[in-house]
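# Close look at the chain arrangement
Spelled out from the first residue to the last, the chains are:
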Amino acid sequence: MSRYIEIKTHPIRFLLYLEWILLLIVALTELLPDPVTKLPRLSLLNLFCVGSLFILGLKLPKVGRLDKLVYNIVEIGIILAASIAGEIRLFPVLYLILTIRSCWIFGKWKRLAIMVLAFVLFLVTLIYRFQTFTFPFRPAVPEKLEFILMGFAIFFGLVLVFLFLLVNAVLSDRQSREKLALANAEIRKYALKIEDMATLQESNRIACDIHDSLGDSLTALNLQIETALKLWRSHPTKAEYLLGEAKRLGSTALREVRESASKLRSDPLEGRGLQEAIAHLIQSFHSTTGVLPNCSIYLLNSIPVELKVSIYRILQEALTNICKHAQATHVEIQIMTTSTDIYLIIDDNGKGFNLKQNTTGIGLQGMRDRTQSLGGQLEIETSPRKGCRITASFPLLMGNG
Ligand SMILES: Nc1ncnc2c1ncn2[C@@H]1O[C@H](COP(=O)(O)OP(=O)(O)O)[C@@H](O)[C@H]1O
Ligand SMILES: [Mg+2]
């Protein structure tokens, strides 16, 4: 990392160019003829001082207290040499530049101290120059000159304060933008992390699903075949029955593999319409549980894809839950569309559960997350032995946007 603020790393480059223009004006006024002698004035000391200030502006110290202190002492020394020994004409401009530069290198309080110091040095220079100045004419009222001087000092003070506040405002605006950009980058990083975590959680869930369901079925299948093998000579009828059972278990395992795989797919609808995909879910639920859900579905064609996917996923999880936990004999599915919202309602008359005690399930939480991410709401009404009703509502306009 560079220890210096250079042209390409200068926080506000146009102010650097402004400094250069001011220094050029100071140098040019030195070339104008003297009003008393009418001879061109060419002070080499002053041109040297202006040149040095210009070069110093190309490299401002960014770190190191000592560097900064030495830098400012050198700058003040050059300005005093030009204003007092060289009697440079536009010396107030040099104090303005001193104040502007301090803003790039110091914190708030040190900047203020440099501004006050610049003003005090300006006053000292002004008084000194006033006392040593030989007037080409005798002013009629000498006190008037003091008033003019005082007015000039006040005017310079105001310009100094204005410039100081302006540079500080520009600088703090720049800093807050940088902070905002940093915060945005952090948020993006966290969003990616959360996405990764969500993916991991989903994979874990599917791994558990496969372990719990498929693992169970395959172990039982293995046992049935093993026993059938042992019995097929002595008890062929029993062996045949066991093989029949094994076949049933094999079909269950196959269905479970398909279900887990479908949960992994990024497009669960597989290009089908929502109605068709739902019909497929219902048919598979019917063949697994023997319960045919009662359906009333009213859907618009134009609903956004993410809404369709969420409706499908919520229904899929709800039916899986009914299949796994509810022991229901009656299931009702309703999808209703109004001019502003879509409602998905899944009702079962199963054993229900205590919502307050249910803290570990990812399935219900996933339903809630999906609904909320589309600006909707999920409501679960259930209690032990009273069945379960899940209502997901989505605003249509938000879904579209
Ligand atoms: N329709 C339902 N009928 C009875 N119990 C349910 C039903 N849906 C969910 N549950 C209960 O809520 C718990 C959490 O469900 P969920 O979050 O989907 O997790 P998981 O299905 O993996 O256990 C289930 O373990 C079950 O006890
Ligand atoms: Mg579940």
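None of these values were measured; they are calculated from a predicted model.

Turning our eyes to something else, we now look at the nonpolar core. Core analysis: the largest hydrophobic core is formed by 41 residues, its most contacted members being Ile 88, Leu 94, Tyr 95, Leu 98, Trp 104 and Phe 122. Counting residues per element, the ones that place at least two in this core are α1 (13-30), α2 (44-58), α3 (65-85), α4 (91-105), α5 (108-132) and α6 (142-231). Here this core gets eleven residues from one element, more than from any other, and that element is α4. Ile 303, Ile 333, Phe 394 and Leu 396 belong to the second largest nonpolar core, which has 37 residues in total.

Before going further, it helps to examine the side chain of Thr 382. Turning to its location among the elements, Thr 382 is positioned in strand β6 (residues 377-382). Here Phe 353 takes part through its backbone nitrogen, which lies 3.1 Å from a polar atom of the side chain of Thr 382. Within the structure, the side chain of Thr 382 is placed 2.8 Å from the backbone oxygen of Gly 387, a separation counted as a polar contact.

With the rule as written, the count across this model stands at seven aromatic pairs. Ring centres of Phe 122 and Phe 156 lie 3.8 Å apart, and the angle between their planes is 20°; this geometry places the pair in the stacked category. Taken together, the positions of Phe 122 in helix α5 and Phe 156 in helix α6 put the pair 34 residues apart, joining distant regions of the chain. Here Phe 122 falls in the buried class, since its relative accessible area comes to 0%.

The rules behind these values
Residues numbered from 1 in each chain as written. Chains lettered and ligands numbered in written order. Predicted model: local features only at pLDDT ≥ 70, side-chain atom pairs only at ≥ 80, totals over all residues. Heavy atoms only, no water. Core = buried A, V, L, I, M, F, W, Y, C linked by side-chain atoms within 4.5 Å. Buried < 20%, exposed > 50% of the residue type's maximum accessible area, 1.4 Å probe, protein only. Helix = DSSP H or I, 4+ residues; strand = E, 2+ residues; numbered from the N terminus. Polar contact = N/O pair within 3.5 Å; in protein donor to acceptor, adjacent residues only side chain to side chain. Phe/Tyr/Trp six-rings, centres within 6.5 Å; stacked < 30°, edge-to-face > 60°.

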